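So the chains spell out like this:
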Amino acid sequence: MSFTRSSSKKQTDWVTILLYLAIVVVGFGAIYTSNYTEDMHITWSNLLDFKIGKHILFMAVSFIAVLVIQLFDRKFFVNISPILYLISIILLIGVLFFGEIKGGSRSWYKIAGFSFQPSELAKVGTALMLAHFLSDFNVSVTKLKDFLITAALILLPMALILVQSDAGTALVYTSLILVLYREGLSPWFLALYGSVIGLFVLTLIFTKFDPTTLAVLQTGYRPLSIGLGIITSLFALFHFKNKWVGTAIVVSICLALILLPLIVNDLVLLISLFVSFVALAILYVVSKKNAIFLFSSVFSLGAFYVQAVSYICTAVLLPYQLKRILILVNIISDRKGAGYNLEQSKIAIGSGGWTGKGFLEGNYVHSGFVPEVDTDFIFCNIGEEFGFMGSLTVIGLFLLLFLRILSIAEKQKSKFTRIYAYCVASILFFHFFINIAMDIGLAPVIGIPLPLISYGGSSFLGFTILIFILIKLDSEKNNVVR
Amino acid sequence: MNLESRKFIVAGIFIFFSIVLLVRLYNIQVKDDSYKDLADSNYIHKKTTYPARGLIFDTNSRLLVDNQPVYDLMVIPRNVKKEMDTTKFCNLFNISRKDFVENLSKAKKYSSRKQSIFLKQISPVMFGKAQEYLYLFPGFFTQVRTIRSYHTRSAPHIYGYLGEVNQRKLEQDEYYDLGDYIGQSGVEKSYEKDLRGIKGEKYVTVDAYNREKESYQDGANDVPAEQGKNLQLTIDIDLQEYAEKLMANKIGSVVAIDPSNGEILTMVSSPSYDPSLLTGRARGENMRMLNNDKLKRQLNRCITATYPPGSTLKPFVALIGLQEGVINKNSYIHCGGGFSYGSGSMVRCSHGHPSCSNIYCAIEQSCNPYFCEVFKRSIVNSKYENEEASLQQWINYLEEFGLGKSLKIGLPGMVKGNMPSVAYYNKIHNNEYWHWKWATIISLSIGQGEFAVTPMHLANSISILANRGEYHYPHLVKNAKQPESKKVSIDKRHFDTIADAMEQVMLSGTGRGSAVEGLSICGKTGTAQNPHGDDHSIFISFAPKINPKIAIAAIIENSGYGSTYAAPISTLMIEKYLNDTISRAGKVREKRMLEADLINKEEK
């Protein structure tokens, strides 16, 4: 592939920059109001004693970063990607040994009084690396080898962040499946991603917990396996049409697995389901893709997953994480601790009405009922002070930004820039959706910031760099090739 | 397969989830009014619950200082409605309109969002009324606090008092809110962090009239207040009370220490005041009264008043002489009724006794010329390079007894006093014609001159002497963190010599009038010269001679010789402490002491 240089003119995308600036203004206002007290007197000399003052400093640092980005050209970013990724990984490993513990996770470096979160840099590094690897003209996610390498590139930083007990940030990386989907990954993976989340929530809903000890009283296996069995049978019926034998075999395998817990205990069931999945999958391959085995192996896998979630709840998740999730799906009704926070957050947002109470007039937030009101729950300020119109504006601004990035992505001749743009959009979107969703009870409180709005230097700088590298790459779209 | 069309799927996902958020937000913010009501009525109130302050006990675990509940009327200015019926409010709480406006603007000035005290310590009757009618006045509510109550009228200087926290402290320490009480003197101040406890939080739901309904979620989010740590003093309250009785109508101090461990048994500063004056509603008025008091009752003389030690320094001068080897216990030094030191100057000896042929006699008779000579020999000492060096060594010895230092006994504000110093003498007695020598500073030998010590210093030094040089740091609070005891650099045998000599004082010397039969008391009288009036009577003592259990320093201002008041008061206390009763002979002295009124003597 080679293109002639049609134009060396730089075309900076001012729409994206304006959307970026609009969101930054919203964030400035939200941080100001969340730390506002009537008796605060900000002067130049005590500016940095206030969070809003520090935020101004972060903005200034970010502006410098934007200028620095302008010094380089796209070739530089293409070449630097593997190095940046490697640095990110080293920093993520280093933080496990030299990091500061903040809010329960060891994910901060402290250098000369400043805290810095390497996972923010890792987002940029991973996005660039992914673009670098996938833009090679020989590479395609549909090839098993390339797919595995791609998965490893994503899972490596994710695992390292998970080890830091920063589950929220680790989950951000799962959003990159959208990038892979755009680059040719089968839509079934998207369906799988959705099913994993959906079945997880459903399992929790159907599992009976002891409300105080959170011990599992009865797993959600029976109702969910019946549901899965019915769906599988319907698929089989549709697939085999008049071949009743095939359908009957699928139905009976499902039925056998559904009834299995009558004679074995939970652990044996878990093992049996895994064994039957592996066996059926092998049979599927050996029998040269006989659909009977496909359907029944998919069913076994689903049933296995459902059964496994109950164990994950008690073994993998920390008690507070499980509690947050259980509160969200209304499993435990008493609203102690995490539930109290969510309740307060909903009251603050809900009290905003159509137009809100006005800037700095959000008395509910100012009364101190809402915790973490400048980070996790910063949307409360917008909801309370500007009401539904404020919510609409902010969500509208973000949506416009995401769609603009997608449209930029699709205009690129360069695969590298397109993939990077999709990464940026996916990462921003995940943060945006989960942060707001957790404030209104649609997602568990996993503590990830609202991009460019939540208080925090590392994240503000990280998102700014993420977006402005894209703007820089896009400005050279007419010059380039790879 | 056209991968580019997948952009629509991705865009669709973005749009779909954004709509999910918007639908949910629409439901919460627009459709569902209940959240608005909840927030509008401010339906959950966070209240601060105040911990009870730690109690104070004496050495035998008798309760000295306790708490009692009082009610404050609180206000959150921003919740006060402009249209409220102020007349009714003012009548209810019996305040003028002017007070109302003033108090409210004071609260506003602090913070319009945070609570502050509107009326302090309202009466139980008013509290009852408040409970009934406060719903009419949003923004106002009551709060329970505790104030100090005292089980004894003794020892106010040790407890100290509480007062409202000042602006500076408010800014320094997040713990405090406007109107909070904080220890301002005594152990209340020095142990504030232990005593104050940890504030709690309580969430209550209120109705639309701001009336409290119930604990929010059964108190699931409440943080209970944690009571402050109790404090056990080393004070023996019986002995303290007895000493205060003896000291009634006299100006001065008595400090008693257990030499074996440094525990301060008694600390009396007289005249004293009733500690309950500085708690409760009349505090402000009483505080003004005490501040204007001519006799300065509030002053803790034990740690802030300084005196020259006078003759009570002589045992220490002797100790240094013995340690330096310039005398031994059988040294004869001519008395002749005075000690001449050139150009006709003379330190007189008024005691009228034959010249002493040993140290026992010298201390027993408090012979001035004897100690002048000992001092001279200590300073003109060939062991040292010059007089400066030997004086420095002499001062070092005294400083080992804690003189000239602010002792960390657990009370704030102890003064250092003053010690003579080589640098000082070099400054004032040094020019090309003249350099100071031992004779210039001869008055140091009998405890006059540049010395200024507090009664606490005296008690501490006699306690070390009693314990034969083993220095247990004096302290007021049991189990307080103390440095390890240390030894002063004077041999134990010299202490034994001086103890014997001090016993002689009580048997046949200047203190014989105050001896107690059956108790081997060791003492030393002193008289501190007072340029402003009658001399101060000083007495230091300890008992028993072997394994001492109590060491006392007493100073009675303007009462003449040490033997007249300071000695009998000290030995009565020793008798009371060691025997628990006063013998018949003692009763006579006791009566004389109790009746002596030195404060009002001029008027009589």
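Provided above is the structure to which this section pertains.
For the structure given in this document, a descriptive report is provided here. (Residues numbered from 1 in each chain as written. Chains lettered and ligands numbered in written order. Predicted model: local features only at pLDDT ≥ 70, side-chain atom pairs only at ≥ 80, totals over all residues.)

### What about the overall build of chain A?
Here is step 1 of the chain: Scanning chain A from terminus to terminus reveals 18 helices and five strands.
Here is step 2 of the chain: In chain A, which comprises 482 residues, the proportion classed as buried is 45%.
Here is step 3 of the chain: In chain A, once contacts between residues fewer than 6 apart in sequence are set aside, the share between residues at least 24 apart is 69%. (Helix = DSSP H or I, 4+ residues; strand = E, 2+ residues; numbered from the N terminus. Buried ≥ 20, exposed ≤ 12 C-beta atoms within 10 Å, placed from the backbone. Contact = placed C-beta atoms within 7 Å.)

### A few points about the overall build of chain B
Here is step 1 of the chain: Counting its secondary structure elements, chain B contains 21 helices and 21 strands.
Here is step 2 of the chain: For chain B, buried positions account for 43% of its 604 residues.

### What to know about the interface of chain B and chain A
Here is step 1 of the chain: Residue-level contacts link 33 residues of chain B with 40 residues of chain A.
Here is step 2 of the chain: The set of elements that each furnish at least two residues to the side of chain B that touches chain A consists of α1 (6-31), α2 (34-40) and β1 (44-49) of chain B.
Here is step 3 of the chain: No other element matches α1 of chain B, which puts 16 residues into the side of chain B that touches chain A.
Here is step 4 of the chain: For the side of chain B that touches chain A, a count of residues per class yields 17 nonpolar, seven polar and nine charged. (Nonpolar A, V, L, I, M, F, W, Y, C, P; charged D, E, K, R; others polar.)

### Observations concerning the sheet that holds strand β11 (residues 252-258) of chain B
All names here are of chain B.
Here is step 1 of the chain: Read from one edge to the other, the open sheet built from five strands follows the order β12-β11-β21-β20-β19, with strand pairing classed as antiparallel. Both edges of this open sheet fall to β12 (263-270) and β19 (522-528), since each of them pairs with a single strand only. Shown here is a sheet whose adjacent strand axes are inclined to one another by a mean of 10°, direction ignored.
Here is step 2 of the chain: Pairing geometry for strand β20 (residues 536-543) and strand β21 (residues 550-556), over seven bridges, is antiparallel. Note that in β21 the partner of F539 across the bridge is A554.
Here is step 3 of the chain: Running over the sheet, helix α18 (residues 455-466) touches β11, β20 and β21 and is turned about 150° from β21. (Pairing = 2+ DSSP bridges. Axes fitted to C-alpha atoms, helices over the stretch in contact; angles between N-to-C directions.)

### Describing the nonpolar core
Here is step 1 of the chain: Ranked by internal contacts, the top residues of the largest apolar core, which has 119 residues, are V255, A256, A459, I552 and M573 of chain B.
Here is step 2 of the chain: Counting only domains with at least three residues in this core, you end up with domain 1 (45-232) and domain 2 (237-274 + 302-595) of chain B.
Here is step 3 of the chain: Contacts of A459 of chain B, omitting those with residues within four sequence positions, involve V255, A256, I257, A551, I552 and A553 of chain B.
Here is step 4 of the chain: Residues I405, C423, V424 and I436 of chain A belong to the second largest nonpolar core, which totals 107 residues. (Core = buried A, V, L, I, M, F, W, Y, C linked by C-beta atoms within 7 Å. Domains from an automatic or database assignment.)

### Details of the pairing of β11 of chain B
All names here are of chain B.
Here is step 1 of the chain: Among the seven residues that make up β11, seven are buried, leaving the element largely enclosed by the rest of the structure.
Here is step 2 of the chain: With burial as the criterion, each face of β11 is covered, one bearing G252, V254, A256 and D258 and the other bearing S253, V255 and I257.
Here is step 3 of the chain: Pairing of β11 with β21, which is carried by six bridges, proceeds in the antiparallel orientation. What sits directly across from V255, in β21, is A553.
Here is step 4 of the chain: Relative to β12, β11 is paired through seven bridges, and the arrangement is antiparallel.

### Some points on helix α9 (residues 221-240) of chain A
Here is step 1 of the chain: Counted at 1.5 Å a residue, the expected span for α9 of chain A with its 20 residues is 28 Å, and the 27 Å between its end C-alpha atoms agrees.
Here is step 2 of the chain: One or two residues past the end of α9 of chain A sits K241 of chain A, with phi positive at roughly 50°. (Expected span 1.5 Å × (residues − 1).)

### Remarks on the packing of helix α3 (residues 74-98) of chain A against helix α4 (residues 118-134) of chain A
Residue and element names in this part refer to chain A.
Here is step 1 of the chain: Direction vectors running N to C along α3 and α4 enclose 145°, while the axes themselves pass 8 Å from each other. The element α3 and its partner α4 pack so that their crossing is left-handed. In this structure, α3 uses F77, V78, S81, P82, L84, Y85, I87, S88, L91, L92 and V95 to contact α4, whose residues at the interface are P118, S119, L121, A122, V124, G125, T126, L128, M129, A131 and H132.
Here is step 2 of the chain: When grouped by side-chain class, the residues that make up the contact of α3 with α4 number 16 nonpolar, six polar and no charged. (Left-handed = near helix turned anticlockwise from the far one by under 90°.)

### Concerning the packing of helix α17 (residues 415-439) of chain A against α1 of chain B
Here is step 1 of the chain: Where α17 of chain A contacts α1 of chain B, the two axes come as close as 10 Å, and the packing angle between them is 15°. With respect to each other, α17 of chain A and α1 of chain B are oriented roughly parallel. Where α17 of chain A crosses over α1 of chain B, the two elements pack in a sense that is left-handed. Each of F429, F433, I436 and A437 of chain A in α17 of chain A lies in contact with α1 of chain B, whose residues at this interface are F14, F17 and L21 of chain B.
Here is step 2 of the chain: By residue class, the composition of the contact of α17 of chain A with α1 of chain B is seven nonpolar, no polar and no charged. (Parallel < 35°, antiparallel > 145°, perpendicular 65-115°, else oblique.)

### Observations concerning helix α19 (residues 492-508) of chain B
All names here are of chain B.
Here is step 1 of the chain: Here α19 contains 17 residues, and its C-alpha end-to-end distance of 24 Å stays within 8% of the 24 Å for a straight helix at 1.5 Å per residue.
Here is step 2 of the chain: Among the residues of α19, those classed as buried are H494, F495, T497, I498, A499, A501, M502, E503, Q504, V505 and M506.
Here is step 3 of the chain: Buried residues belonging to α19 abut α13 (314-324), α14 (359-365), α18 and β19.

### Structural notes on the pairing of β20 of chain B
A regular strand places its side chains so that they alternate between the two faces of the sheet.
All names here are of chain B.
Here is step 1 of the chain: Burial runs high along β20: eight of the eight residues are buried.
Here is step 2 of the chain: Residues of β20 alternate between two faces, with H536, I538, I540 and F542 on one and S537, F539, S541 and A543 on the opposite face, all of them buried.
Here is step 3 of the chain: When β19 meets β20, the two strands line up antiparallel, connected through seven bridges. By the bridge assignment, C522 is partnered in β20 with F542.
Here is step 4 of the chain: Counted along the chain from β20 to the antiparallel partner β21, the turn is six residues long, and its residue N547 has a positive phi close to 50°.

### Description of unusual backbone geometry
Residues and elements named next belong to chain B.
Here is step 1 of the chain: For the bond running from S270 to P271, omega is 0°, close enough to zero to count as cis.
Here is step 2 of the chain: One can find P271 in the loop between β12 and α11 (283-291).
Here is step 3 of the chain: Residues A543 and P544 are joined by a peptide bond in cis, for which omega reads -15°.
Here is step 4 of the chain: By secondary structure assignment, the location of P544 is in the loop between β20 and β21.
Here is step 5 of the chain: Of note in this structure, Q121 is not a glycine but carries a positive phi near 45°.
Here is step 6 of the chain: Relative to the helices and strands, Q121 resides in strand β4 (residues 116-122).
Here is step 7 of the chain: Backbone geometry places S366, a non-glycine residue, at a positive phi of 50°.

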